[in-house]
Amino acid sequence: MTIPTDPETGEFHRAPNHFAARITADGRDGWPVEPGRYRLVVSRACPWASRGLVVRRLLGLEHVLSLAVADPIQDERSWRFTLDPGDVDPVLGIKYLSEAYYKADPDYTGGISVPAVVDVPSGRLVTNDYPQITLDLSTEWKAHHREGAPDLYPEPLREEIDEVNRAVHADVNAAVYEAGFATKQPAYEDAYDRLFARLDELSRRLETQRYLVGDTITEADIRLFTTLVRFDAVYHGHFKCNRNKLAEMPVLWAYARDLFQTPGFGDTVDFDHIKRHYYQVHEQVNPTRIVPKGPDLSWWATPHGREDLGGRPFGDGTPPGPPPATEILPAQW
């Protein structure tokens, strides 16, 4: 895997999302919401893709938006479907996600990223715009939400959610990568300092409220959770984000366990995929490709005490039911 860093500053720069068409209720971009038409392609290792897994579960969209899971270990052609029989996605009929990218744009030369939403009839990639994908699942796919689905992006709170998301993206979601992939000391230290300053601020915010915005789970919690759940397993050691482990930050550790134990969160997390991807794919960071045995994952199931802060996880809605049989993960501890 080639890591794009600035040779002068040593800073890591994530490539922009090239495919940003939206799937909407009115089809204004040419892609109308239609049950069964689209396939969500993810890696369970990837925090950006894991947002889509959580939102899809919470909203009960499994019956209208099918799921393809890529192998956590990429090769030179990036994400591949070697977890499926014959190494071919059974719905799209392709071996590599890149095939859907090139159907959308034969001249495309950028990276191949997840999450991605593919139009099944044409085999074309529609979007890899990960921040917008989950917002559209909450707003444009409303007609297909399960009964009792929570409102993850409530209109009265959207301005505050967006503000929190911008800060969390810059100083947490992206900063762990900027620290881990930095090739010069100042670039690493800048990302490290921003990360822990923001985590400290989030800890203070969450001392007195159960969720980041309002008294229910929102998009903001989902975006923070997918980074926190990877913190001790990967970012603390592999990415040198080692001022503290998550387990040493009491408020954030309790908050993360609270979400992990909420239906729709922990049941989408695959620590095996997470650890093997980061430690075996990022050879520039971990040339031996040895995967650590720890940490002890059983602590994720311990009591968190966050119920004392009140809050209603699903608002006026209900928890999602069990995941489909084909998507149940093996026990990891």
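Anything mentioned here points back to the structure above.
Nothing here was measured: the structure is a model prediction, and the numbers come from that model. (Residues numbered from 1 in each chain as written. Predicted model: local features only at pLDDT ≥ 70, side-chain atom pairs only at ≥ 80, totals over all residues. Heavy atoms only, no water.)

Chemist: Explain the packing of aromatic side chains to me, using residue names and the numbers behind them.
Modeler: In this structure the tally under the stated criterion is 25 aromatic pairs. Centre to centre, the rings of Tyr235 and Phe239 are 5.5 Å apart; their planes meet at 15 degrees, and the pair counts as stacked. Here Tyr235 matches Phe239 in class, with each residue buried. An aromatic cluster is built from Phe12, Trp48, Tyr130, Tyr177, Phe181, Tyr188, Tyr192, Phe196, Phe231, Tyr235, Phe239 and Tyr278, whose rings are joined through pairwise contacts. Above the ring of Tyr96, the side-chain terminus of Arg77 is found at 4.1 Å from the ring centroid. (Phe/Tyr/Trp six-rings, centres within 6.5 Å; stacked < 30°, edge-to-face > 60°. Buried < 20%, exposed > 50% of the residue type's maximum accessible area, 1.4 Å probe, protein only. Lys NZ or Arg CZ within 6 Å of the ring centre and 35° of its normal.)

Chemist: Can you explain helix α10 (residues 271–281)? Please cite residues and give values.
Modeler: For α10, a buried count of nine out of eleven residues is recorded, marking the element as mostly surrounded by other parts of the structure. Along α10, the residues that are buried comprise Phe271, His273, Ile274, Lys275, His277, Tyr278, Tyr279, Gln280 and Val281. Its buried side turned inward, α10 meets α1 (47–59), β2 (66–69), α5 (175–181), α8 (231–235) and α9 (250–260). A side-chain oxygen of the first residue of α10 lies 3.1 Å from the backbone nitrogen of Asp272; this N-cap is Asp270. (Helix = DSSP H or I, 4+ residues; strand = E, 2+ residues; numbered from the N terminus. Contact = heavy atoms within 4.5 Å. Polar contact = N/O pair within 3.5 Å; in protein donor to acceptor, adjacent residues only side chain to side chain.)

Chemist: Go over the pattern of salt bridges, please, and point to the residues and values.
Modeler: According to the stated counting rule, one finds 22 salt bridges in the structure shown. A salt bridge links Glu160 to Arg205, with the nearest nitrogen and oxygen atoms 2.8 Å apart. You can see Glu160 sitting in helix α4 (residues 158–173) and its partner Arg205 sitting in helix α6 (residues 185–206), a full 45 residues away along the chain. Overall, the relative accessible area of 23% leaves Arg205 in the partly exposed class. Via salt bridges that share partners, Asp171, Glu178, Asp190, Arg194, Arg198 and Glu201 belong to a single interconnected network. (Salt bridge = Lys/Arg side-chain N within 4 Å of Asp/Glu carboxyl O.)

Chemist: Help me get a handle on the state of the cysteines, residues and values and all.
Modeler: This structure, assessed with the given rule, holds zero disulfides. Considering cysteine sulfurs only, Cys241 is the nearest to Cys46, which forms no disulfide, with 16 Å between them. (Disulfide = S-S within 2.5 Å.)

Chemist: Tell me about the pairing of strand β3 (residues 116–119), and please be specific about residues and values.
Modeler: On β3, burial covers both faces: Ala116 and Val118 on one face and Val117 and Asp119 on the other are all buried. In this sheet, β3 lies alongside strand β1 (residues 38–42) in antiparallel orientation, the contact comprising four bridges. Note that in β3 the partner of Arg39 across the bridge is Val118. Count of turn residues in the β3/strand β4 (residues 124–127) antiparallel hairpin: four residues, of which Gly123 carries a positive phi of about 75 degrees. (Pairing = 2+ DSSP bridges.)

Structural measurements only, silent on function.
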